[in-house]
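Here's the letter readout for the chains.
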Amino acid sequence: MQPDVVGRERELALVDAFFEKGLPAALVVEGEAGIGKTALWRAGVDAASERGFRLLRCAPTGEEAQLAFAGLSDVLAPVQDLFTALPEPQRRALEIALLLRESDGPPPEERAIGAATAAALRTAAREGPILVACDDVQWLDAASRAALRFALRRLDAPVALLAARRTTRDSSRSPTLESAIDEASLVRIEVGPLTLGALSRILRSRSSIPLSRPLLSRIQEASAGNPFYALELLTVLERRQESLSPGDPLPVPTSVNALVSERIAALPSGALRVVELAALLAEPTAPTVELAGGSAESFRSAQSAGVIELVGDRIEFTHPLLKAATTASMTPGCRRALHGRLAEVLPPGEEHARQLAAATEEPDELVARALVQAADELAARGARWASAELYDEAVRLTPDDLAGVLPQRLLAAAQAWFAALDWPRATARAEEALAHEPGPDVRVDAVLLVASCLEDPDRVVELAESESEGDGDDALRARLWTIVADGKLNVDSRGALAAGREALRYAERAEDETLLPPILTLIGVLETMRCEGAARETLERGVEVESRVGEVDLSLSPSYALGIHAFLHDELDEARTLFARHLERARATGDDVSQAHTLWQLAYVEFKAGDWNLAREYADSSYDLYEGSGNVGDTTTALFAGAVVDACRGRREAVEERCRLAVELGGERPRILEQVGLAVGMLELGLERYSEAADAFLPSTTGWIDPGHRLITPNQIEALVGAGRLHEAEQLLEDWEALGRRLDRPRALATAARARGLLDAARGDHEAAAAALDEAVAQHDRFECPFERARTLLALGAQLRRAGKRSAARGVLDEAAVTFAELEATPWHARATREAARISGRRRTAYDELTDAERRVAELVAEGRSNKDVASALFISVKTVEVTLTRVYRKLGVRSRVELARRFADEDKD
């Protein structure tokens with residue numbers, strides 16, 4: 001621990017205790033500038049080192065916040081030798097981002113860099129615990145923060161995060177590093193003012209003048225217990241050597257900034273120049289400052305004054321406030337001149353371009369070109385935000401007389417912000433490009449980008465209608481109406497289908513086949529969802545055209561639409577294959593938007609298939625990619641994909657948090673309220689709070705008819721039956737049954753038959769209820785959805801119990817309970833267990849948790865047969881025997897074949 005940390009015994013104890021916690025965990029030290037955060041941060045680094053942690057650290061500055069991946073480069077520098085162990089796609093992404101490899105194809109996407117960071121940390125942690133330590137974390141560049149947050153959120157390795165953050169009134173609202181760590185594993189230390197006693201010990205140990213108790217009290221009061229401020233006050237008093245009478249005011253400035261500025265101003269001119277040059281560099285080094293005009297004598301003078309220190313060639317300020325005060329004290333003209341001097345000596349690259357921009361006040365085409373080149377290089381590294389910022393700077397410095405160039409650069413900036421998922425800024429730049437009356441090509445792309453960013457489909461309609469007046473570009477009109485159809489897809493299926501057909505009309509009039517695949521995709525999807533038209537023929541036409549014109553945008557490709565078609569028809573293997581193929585393409589091309597969209601589609605596929613952990617992982621990954629973007633609709637959809645899993649597992653706090661965040665992001669839009677209703681309704685339904693569930697479920701606002709997408713209807717019927725609102729349930733059920741029969745869709749038929757059974761049972765017609773539930777089970781054999789099947793078995797088991805068929809009821813309820821347990825559907829498992837407990841007869845044992853298949857395998861193994869013999873007897877593979885036996889061991893709590901045989905012998909005695 002740091003021996004010179006005075007008056008922080010409580011905080012040091014918290015730091016020490018933190019490293020006794022389980023990992024992963026996070027410790028955040030927060031406080032105002034100069035309060036002593038860095039000292040505690042260093043104490044934490046020392047404590048981790050003493051415990052054998054491998055240290056990965058960075059200490060970014062304000063200037064470094066502009067340099068893409070600067071912080072990540074420092075953090076991962078000690079483990080670069082482990083990059084060779086990473087899968088090649090991850091290794092490539094990380095090495096390109098960190099300038100360890102030339103870009104040799106599409107830019108790495110953000111998720112790949114984050115995944116590679118996670119893999120590197122996980123690999124390093126195999127040799128022992130890791131500490132990721134970041135001082136002044138508020139200055140961490142956006143690209144590094146995104147990669148580290150992605151990694152920390154997914155790590156289950158022994159990794160700790162230690163961060164020190166300066167708190168200010170206007171602190172950034174960007175997602176913080178520690179928010180990636182579970183709240184239960186997060187420790188925060190608020191660093192407050194020092195007591196007079198502690199401050200006195202510090203001041204007297206540093207003072208060259210006598211310090212009376214009254215003077216110490218006045219310094220403590222003036223500094224508000226801030227040690228850096230107090231030491232600066234002492235420095236001024238020593239320099240002025242003025243004696244104070246009681247009651248005299250302290251002859252010093254009244255703010256920390258003023259004090260520090262006075263200290264900087266007192267430096268000799270040469271030392272001041274060195275300090276100023278260092279302050280303006282993101283990564284200040286002695287050779288760079290010397291090339292820009294700093295002398296060796298000036299370096300020594302600045303070091304003697306305690307303002308900077310040299311660590312190898314690197315220049316570090318002794319306190320961040322000294323650097324901030326140096327920059328703040330420069331006049332604009334002086335700052336620009338120094339930036340210009342630095343630009344002359346720096347090699348081409350991001351920092352060179354930023355120095356050029358900062359040195360240039362008036363438009364300058366040479367500087368603008370350098371910025372565009374640097375922006376292009378950053379885009380190739382996957383640093384989308386930094387790239388967009390430099391395109392903005394290039395726009396600022398492009399001369400007005402270059403009428404054709406400015407709109408192109410505005411469009412490039414718009415496209416960069418769009419790629420960074422900052423849609424408001426993308427829209428602003430595209431609209432600026434249009435205001436400059438660009439050429440046809442730029443105008444078309446700018447109009448389409450604006451349309452793509454608009455959240456309100458009706459505003460896109462207005463744009464499309466304005467373009468449809470008079471003699472215009474039919475191809476542009478077709479693409480605009482395509483955007484309208486896509487935007488209305490989730491809120492107005494009838495309007496979306498009409499827009500799609502309008503787009504098709506313009507596309508055929510334009511005689512441009514390249515326009516057809518996305519239009520036919522949308523029409524095919526809408527015909528599928530509305531159960532009208534010839535959806536498959538439409539999609540097959542789209543696939544045929546795509547084979548001639550080449551692949552189109554992932555989210556609007558005909559094969560992607562076939563994945564949706566398969567999903568809605570519960571053909572999950574086909575849907576999974578098609579979506580996985582598109583996900584692979586999106587990752588290969590760095591298309592974050594298509595990745596995010598495909599991931600939440602996969603989340604719903606796996607929810608139906610019963611792999612809820614994978615479904616939740618897909619949903620979280622989708623949300624991570626959307627987070628902070630302007631795409632509210634899909635961001636909330638990703639949130640709800642995870643919320644449905646949480647709801648069925650009975651996790652109320654998680655459901656409420658996701659619903660709160662969705663409403664905060666998108667307001668009380670009908671579609672969002674409908675999704676909130678689904679999540680809350682499923683939660684209450686599982687807990688048998690039927691009235692609350694019935695009130696939560698809201699009618700669909702999309703106009704979709706396809707039963708594969710109507711998740712609410714069968715659940716709403718069940719809630720109404722449970723709440724005793726049988727007439728309302730009957731009305732909904734009749735429509736649902738009719739739809740299932742008309743389309744012959746197994747899911748609709750199964751859930752309708754289950755609802756009919758529940759309704760008949762509520763009315764006392766148990767014979768009809770049993771028949772309906774038997775029909776529901778038969779329909780479940782036609783499609784894959786373990787959760788829905790288990791719910792039907794639960795209803796059937798309850799009906800069999802009431803009919804006195806105890807043995808049959810027990811078997812059915814046992815199967816339901818096992819499925820619910822495997823899904824971790826806690827409230828549903830509790831319901832099945834309670835229902836089984838109502839059956840009179842022998843006591844339930846762990847043996848009853850086995851399925852029929854598991855019981856057959858277990859009995860043969862208990863007889864002493866080998867896995868090969870069991871496989872031969874049951875006509876299954878040896879691998880299936882091994883997997884089944886693993887589940888049997890887990891359910892019975894045994895670890896060997898001997899224990900299994902003993903358990904079966906005990907069951908026979910019972």
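Note that this is a predicted model, so its numbers are computed, not measured. Within every chain, residues take consecutive numbers counted from 1 along the sequence as written. Selection of residues for local features in this predicted model requires a pLDDT of at least 70, selection of side-chain atom pairs for listing and counting requires 80 or more, and totals for whole chains, interfaces and linings are taken over all residues. No hydrogens and no water enter the side-chain calculation; it runs on all heavy atoms of the structure.

A. Representation of the packing of helix α4 (residues 88-97) against helix α5 (residues 110-125) in the model. Interaxial angle, 0 to 180 degrees, is taken between N-to-C directions of lines fitted to C-alpha atoms, where a helix line uses only the stretch in contact. Secondary structure counts use DSSP, requiring at least four H or I residues in a row for a helix and at least two E residues in a row for a strand, with both numbered from the N terminus. Two elements in contact, α4 and α5, have axes separated by 8 Å at closest approach and are oriented at 100°. Judged by the inter-axis angle, α4 sits roughly perpendicular to α5. Here Gln90, Ala93, Leu94 and Ala97 of α4 come into contact with α5, specifically with Ala112, Ile113, Ala115, Ala116, Thr117 and Ala119. Each residue is assigned to one of three groups, with Ala, Val, Leu, Ile, Met, Phe, Trp, Tyr, Cys and Pro labelled nonpolar, Asp, Glu, Lys and Arg labelled charged, and all others, Gly among them, labelled polar. Residues of the contact of α4 with α5, tallied by class, amount to 8 nonpolar, 2 polar and no charged. Oblique is the label for every angle not falling under 35 degrees (roughly parallel), over 145 degrees (roughly antiparallel), or within 65 to 115 degrees (roughly perpendicular). Note on contacts: a residue pair is in contact if any heavy atoms of the two residues lie within 4.5 Å.

B. Examining the environment of threonine 833 more closely. With respect to the secondary-structure elements, threonine 833 resides in helix α41 (residues 826-837). Residue threonine 833 is classed as partly exposed on the basis of its relative accessible area of 31%. Remark: the alpha-carbon pair of threonine 833 and alanine 358, spanning 475 residues in sequence, is separated by 69 Å. Identification of polar contacts relies on pairs of N or O atoms within 3.5 Å, with a donor-acceptor requirement for protein atoms, meaning one able to donate a hydrogen and the other able to accept it, and with residues adjacent in sequence counted only if both atoms are side-chain atoms. Separated by 2.8 Å, the side chain of threonine 833 and the backbone oxygen of histidine 829 make a polar contact. Only protein chains enter the area calculation, which uses a 1.4 Å probe; residues under 20% of their type maximum are buried, those over 50% are exposed, and those in between are partly exposed.

C. Broad picture of the sheet that holds strand β5 (residues 186-190). At least two bridges found by DSSP between two strands are what make those strands a pair. Read from one edge of the open sheet, 5 strands run β2-β3-β4-β1-β5, paired in parallel fashion. This sheet does not close on itself; its edge strands, each paired only once, are β2 (54-58) and β5. Geometrically, the sheet is characterised by an average inter-axis angle of 15° between neighbouring strands, direction not taken into account. The pairing of β2 with strand β3 (residues 130-134) spans 5 bridges and is classified as parallel. Bridge pairing links leucine 55 to leucine 131 in β3. Lying over the sheet, helix α1 (residues 9-18) contacts β1 (25-31), β4 (159-166) and β5, oriented at roughly 165° with respect to β5. With respect to the sheet, helix α2 (residues 37-50) is in contact with β1, β2, β3 and β4, its orientation differing from that of β4 by roughly 170°.

D. Summary view of helix α31 (residues 632-648). To estimate how far a helix should extend, the number of its residues minus one is multiplied by 1.5 Å. The end-to-end C-alpha distance of α31, which contains 17 residues, comes to 24 Å, matching closely the 24 Å that a straight helix rising 1.5 Å per residue would cover. Across the 17 residues of α31, 16 count as buried, placing the element largely inside the fold. A positive phi of about 75° marks glycine 650, the residue just after α31.

E. The arrangement of the packing of α31 against helix α33 (residues 670-686) in detail. Taken N-terminus to C-terminus, the directions of α31 and α33 make an angle of 15°; their axes are 8 Å apart at the nearest point. In this view, α31 runs roughly parallel relative to α33, as classed from their interaxial angle. Where α31 crosses over α33, the handedness of that crossing is left-handed. Across from Thr636, Thr637, Phe640, Ala643, Val644, Ala647 and Cys648 in α31, the residues of α33 making contact are Ile672, Gln675, Val676, Leu678, Ala679, Met682 and Leu683. Here the residues of the contact of α31 with α33 sort into 11 nonpolar, 3 polar and no charged. Left-handed describes a crossing whose near helix is turned anticlockwise from the far helix by less than a right angle; the clockwise case is right-handed.

F. The pattern of salt bridges, seen in detail. For this analysis, a salt bridge means a side-chain nitrogen from Lys or Arg found within 4 Å of a carboxyl oxygen belonging to Asp or Glu. In this structure the tally under the stated criterion is 66 salt bridges. Note that aspartate 620 and arginine 616 form a salt bridge whose closest N and O atoms lie 3.2 Å from each other. In this pair, aspartate 620 and arginine 616 are both assigned in helix α30 (residues 612-626), 4 residues apart and thus about one turn of the helix distant. A relative accessible area of 23% places aspartate 620 in the partly exposed class. Arginine 616 gets classed as partly exposed once you look at its relative accessible area, which sits at 22%. Between glutamate 684 and arginine 689 there is a salt bridge, with its nearest N and O atoms 2.5 Å apart. The class for arginine 689 is partly exposed, based on a relative accessible area of 36%. Connected via shared salt-bridge partners are Arg652, Glu656, Glu684, Arg689 and Glu692.

G. Geometry of helix α40 (residues 806-823). Given a rise of 1.5 Å per residue, 18 residues ought to cover 26 Å, and the 26 Å separating the end C-alpha atoms of α40 matches this to within 8%. Packed against the buried residues of α40 are α30, α39 (786-802), α41 and α44 (878-892). Just downstream of α40, glutamate 824 is the residue with a positive phi angle, here 60°.

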